[in-house]
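Listed below, chain by chain, are the residues.
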Amino acid sequence: MPARGRGQATLMLREMGSALLQGPEHGAQRGAALLPLSDSARQGRASADPSWEDQASPKPPSTGEPWERCPGEGAETCRYFRWWYKKTRLEKKYPFIDLLSAIPLQQIYGCPLGGIGGGTITRGWRGEFCRWQLNPGIYHYETVIADQFTVCLRRKGQTVYQQVLSVEKPSTLQGWNWGYCGRYAFYHALYPRAWTVYELPGQNVVLTCRQVSPVIPHDYQDSSLPVGVFIWEVENGNDEDVDVSIMFSLQNGTGTKEDKRGGHWNEPFTFEKEGKQVAGVLLHHCTEVNPFTLAISAREKAGTGVTHFTAFNPTGSGKEVWQDLLQDGRLDSPAGRSTPTEKGEVVAAAVCASCTVPARGHRTLKLALAWDMPCVHFGSKEKLHLRRYTRYFSSKGDAAPALSHYALTRYEEWEKKIDAWQKPILENSHLPPWYKSALFNELYFLTDGGTIWVELPPDCCAEDVQGPAGAGLSQLLPVLREYGRFAYLEGQEYRMYNTYDVHFYASFALIMLWPKLQISLQYDIAVTVVNEDVQPRQYLMRGQTAQVKLKNVVPHDIGEPDDEPWQRVNAYLIHDTASWKDLNLKFVLQVYRDYYLTHDSLYLRDMWPVCQVFPKSHVVSALKTIFEKNVMGFAGGTMGAVNGMTPDGVPDTSSIQSNEVWIGVVYALAATMIQEGLVQEGFHTAEGCYRTVWERLGMAFQTPEAYCEKKVFRSLAYMRPLSIWSMQLALESRASQAPAPTEPTQANSLNP
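Here the structure is a predicted model, which means the values were calculated and not measured. (Residues numbered from 1 in each chain as written. Predicted model: local features only at pLDDT ≥ 70, side-chain atom pairs only at ≥ 80, totals over all residues. Heavy atoms only, no water.)

Novice: How should I be thinking about the nonpolar core in this particular structure?
Specialist: As a rule of thumb, soluble globular proteins bury nonpolar side chains together. Leu-200, Leu-207, Trp-232, Phe-248, Leu-369, Trp-725 and Met-727 are the most contacted members of the largest nonpolar core, which has 199 residues in total. It is helix α7 (residues 400-426) that contributes the most residues to this core, ten residues altogether. Counting residues in hydrophobic clusters, the runner-up holds 17 residues, among them Ile-145, Val-321, Leu-325 and Ala-348. (Core = buried A, V, L, I, M, F, W, Y, C linked by side-chain atoms within 4.5 Å. Buried < 20%, exposed > 50% of the residue type's maximum accessible area, 1.4 Å probe, protein only. Helix = DSSP H or I, 4+ residues; strand = E, 2+ residues; numbered from the N terminus.)

Novice: Looking at this structure, I do not really get the confidence of the model for the protein. What am I missing?
Specialist: Detail in the predicted coordinates should be disregarded across regions flagged by low pLDDT. For the protein, the mean per-residue pLDDT works out to 89, and 88% of the residues sit at or above 70. Within the model, the stretch residues 65-72 combines pLDDT values under 50 with 21 contacts to residues more than four positions away or in other chains. Taken as a whole, residues 740-752 scores under 50 in pLDDT and shows 33 contacts with residues more than four places along the chain or in a different chain. (pLDDT = per-residue confidence, 0-100. Contact = heavy atoms within 4.5 Å.)

Novice: What should I look at first to understand the sheet that holds strand β20 (residues 385-387) in this one?
Specialist: In a beta sheet, neighbouring strands are held together by backbone hydrogen bonds and run either parallel or antiparallel to one another. The strand order across the open sheet built from four strands is β19-β20-β21-β22, with neighbouring strands paired in antiparallel fashion. Bordering the open sheet on either side are β19 (375-376) and β22 (485-487), each of which pairs with just one other strand. As paired strands, β20 and strand β21 (residues 452-455) are joined by two bridges and run antiparallel to one another. Note that in β21 the partner of Arg-387 across the bridge is Val-454. Packing against the sheet, helix α13 (residues 515-530) makes contact with β21 and β22, and its axis sits at approximately 90° to β22. (Pairing = 2+ DSSP bridges. Axes fitted to C-alpha atoms, helices over the stretch in contact; angles between N-to-C directions.)

Novice: Help me understand a nonpolar patch on the surface, please; the structure alone is not making it clear to me.
Specialist: A contiguous nonpolar patch, built from Phe-81, Tyr-85, Leu-90 and Leu-100 and spanning about 430 Å² of accessible area, is present on the exposed surface. You can see Leu-90 is positioned in helix α5 (residues 75-90). Under the relative-accessibility criterion, Leu-90 is labelled exposed at 59%. (Patch = residues over 30% accessible without salt bridge, like charges linked within 9 Å, V, L, I, M, F, W, Y side chains within 5 Å. Areas by Shrake-Rupley, 256 points an atom, 1.4 Å probe, with all protein chains shown as cover. Salt bridge = Lys/Arg side-chain N within 4 Å of Asp/Glu carboxyl O.)

Novice: Please explain the packing of helix α8 (residues 433-441) against helix α18 (residues 679-696) as it appears in this structure.
Specialist: Helix packing for two helices is described by the angle between their axes and how far apart those axes are. Where α8 contacts α18, the axes come no closer than 10 Å and their chain directions differ by 70°. The orientation of α8 with respect to α18, classified from their angle, is roughly perpendicular. Pair α8 / α18 crosses with left-handed handedness. Every residue of α18 that contacts α8 at Trp-434, Tyr-435, Ser-437, Ala-438 and Asn-441 is listed here: Phe-683, Ala-686, Glu-687, Tyr-690, Arg-691 and Trp-694. Among the residues forming the contact of α8 with α18, the class breakdown is seven nonpolar, two polar and two charged. (Parallel < 35°, antiparallel > 145°, perpendicular 65-115°, else oblique. Left-handed = near helix turned anticlockwise from the far one by under 90°. Nonpolar A, V, L, I, M, F, W, Y, C, P; charged D, E, K, R; others polar.)

Novice: Is there a simple way to explain the packing of α13 against helix α14 (residues 582-598) in this structure?
Specialist: Contact geometry of α13 with α14 gives a least axis separation of 11 Å together with a crossing angle of 145°. Every pair of crossing elements has a handedness; the one defined by α13 and α14 is left-handed. Where α13 abuts α14, its residues Pro-515, Gln-518, Ile-519, Gln-522, Ile-525 and Ala-526 lie against Phe-587, Gln-590, Val-591, Arg-593, Asp-594 and Thr-598. The class makeup of the residues in the contact of α13 with α14 is six nonpolar, four polar and two charged.

Novice: Any chance you could explain the environment of Val-534 here in plain terms?
Specialist: Tracing the chain through its elements places Val-534 in strand β23 (residues 533-538). Between the C-alpha atoms of Val-534 and Gln-547, which are 13 residues apart in sequence, the distance is 5.0 Å.

Novice: Even after reading the chapter, I still don't get the pattern of salt bridges, so can you show me in this structure?
Specialist: Side-chain pairing between opposite charges can occur once the charged atoms of the two side chains come close. Tallied over the full model, the rule gives 25 salt bridges. Notably, a salt bridge pairs Arg-568 with Glu-382, separated by 2.5 Å at the nearest N-O pair. Placement of the pair is Arg-568 in the loop between β24 (545-549) and α14 and Glu-382 in the loop between β19 and β20, with a sequence separation of 186 residues. Taking relative accessible area as the criterion, Arg-568 reaches 27% and is therefore assigned partly exposed.

Given below as structure tokens:
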């Protein structure tokens, strides 16, 4: 049976293929969206560029930071190192930018799980759980090997096939059957969903795992939930029935030393509401600061059984779990909670969903992952913050069962809303496939950007949020009470919240999809503008001493996760940004754009903007020159727009950042081109960035701030590329003004 051509789910994926994330072995030239988990992919190659793959010893691009590229620059380097040593070694905190310990590039990441502001867990394209952001703004890049899906097939009362759906061959859990052949699995991603297709060798059975997170535009409730759902479609191509079990195993923790601290424990649960029941295991992770509970569960219904294994040692052989499943395709389901772990011990759990799939038939198994960290402290531990989802679920740390039930019974509604949002763009034949992929997949950063979304305390009053000088913001308290406070990092390596010069670009995604979060963020910025922080400090680049924040100046950021954001702003202390010319203008421009799109007169009255407008002819002339010099004159016109280029077409070397391409700036440049009628130029400019990042360099779901022509990059997983939504706004504006706008043609593609 040609399994790849069978089954409703597989056919649906192939129809959508041209809009989905394309993998290292199947680039856009192939017209497919299948990412095979092959041997070469496992070795870390992530490129559609033959010159990259044909190297004898392929190496990923290297990271570069300003100080790293300018060693020995003198006093500023010494000042930074002294500050870094005090911060990391004496205060035991994370630096807002760690130039001495850059995050290594791993070409493994896929679509992250979770809604907005409740933390995220990233599942790689090979199926591993490999990036964790549960504590606000703090990341752990750990692949936890026990976190797996395992399939068991039984025919006529006998187990005929049992396999961990992972290509890994770890040194632990050796009682399990590892080493699934990656050539029989394919990965697709279109955020906030992802699909993995497994063709079980020799079994005539195809599994399709569809991963769904509640990221829904204009939804301010379900979009806040810390959950992900895995819908397993099982297709039986045989002439006899087959019993199928999917086991989901999970370690209690995130793969850090905290997992061995002791005191963690698991317990089974069932949760029934409105005649619908889910069952699973709660994994209580009992840390001193920001404790949380993980929950793995499955939907119980007629024809689907759910069993569990409450506790096992994930550092041992795992034979007790494996043999339990092998025996009858079910787990023993012991009652009662597990014993709390001793120091040095690690504990894991498993849940199993089982059903019978008729001959030539199809069935569905539904599992979920939820995590409940309702109350959080930032690094200073001064204030306790309640996450947004506690408005709808308990804030006492006992919400995981209800969250699991809600996810498993509501995900179909989420998907209908996601389809209604994405379908018009996906079905627009005038838009190139790479653009559709970039537009949706770059949105990962809105949840996985160290994002935090918190409620105001119930007893909060205006004086608590407006400071000494914010009384004129009449809607500040009502907006923050209704929609909470929202913040995301400049980048996973640049740990500053709501970095304003960068948010200017990324804000198009917010104002178009969650406009109330943009309005809330703007009110928080407005409060800091009218207030000041007179505390003096030394700035690292020039060594001068100046106050932290001047009055009537837009801040660089609203703080860092290892301190107390919103309360202490301007974590960035390399330069004194009070003299930067762009911050105030970017505030004014955002206010005007926000009002133009929302018609919120109360917001406009509070912000009272002033706006500059430049002559249109000058704008178009400048754009044409940039396209000629910075785009087509750089890397053959295939890598976007380089920052610096002299009028005679010679690369500018006057600045350490002039030879960089800033992906988010390029998307915004492309949007401006489209807005001014240079549509094909705009798409050509942006396409170079997409193909460089997502295909040639293998940086899926970790788009950096910058790259250079020679495969050097800076600051992985960065905020600014969300500016691709400015291109969508420009396209929608053109469509509303003209019945038949000029769109890019296939011949304009970098890969025709």
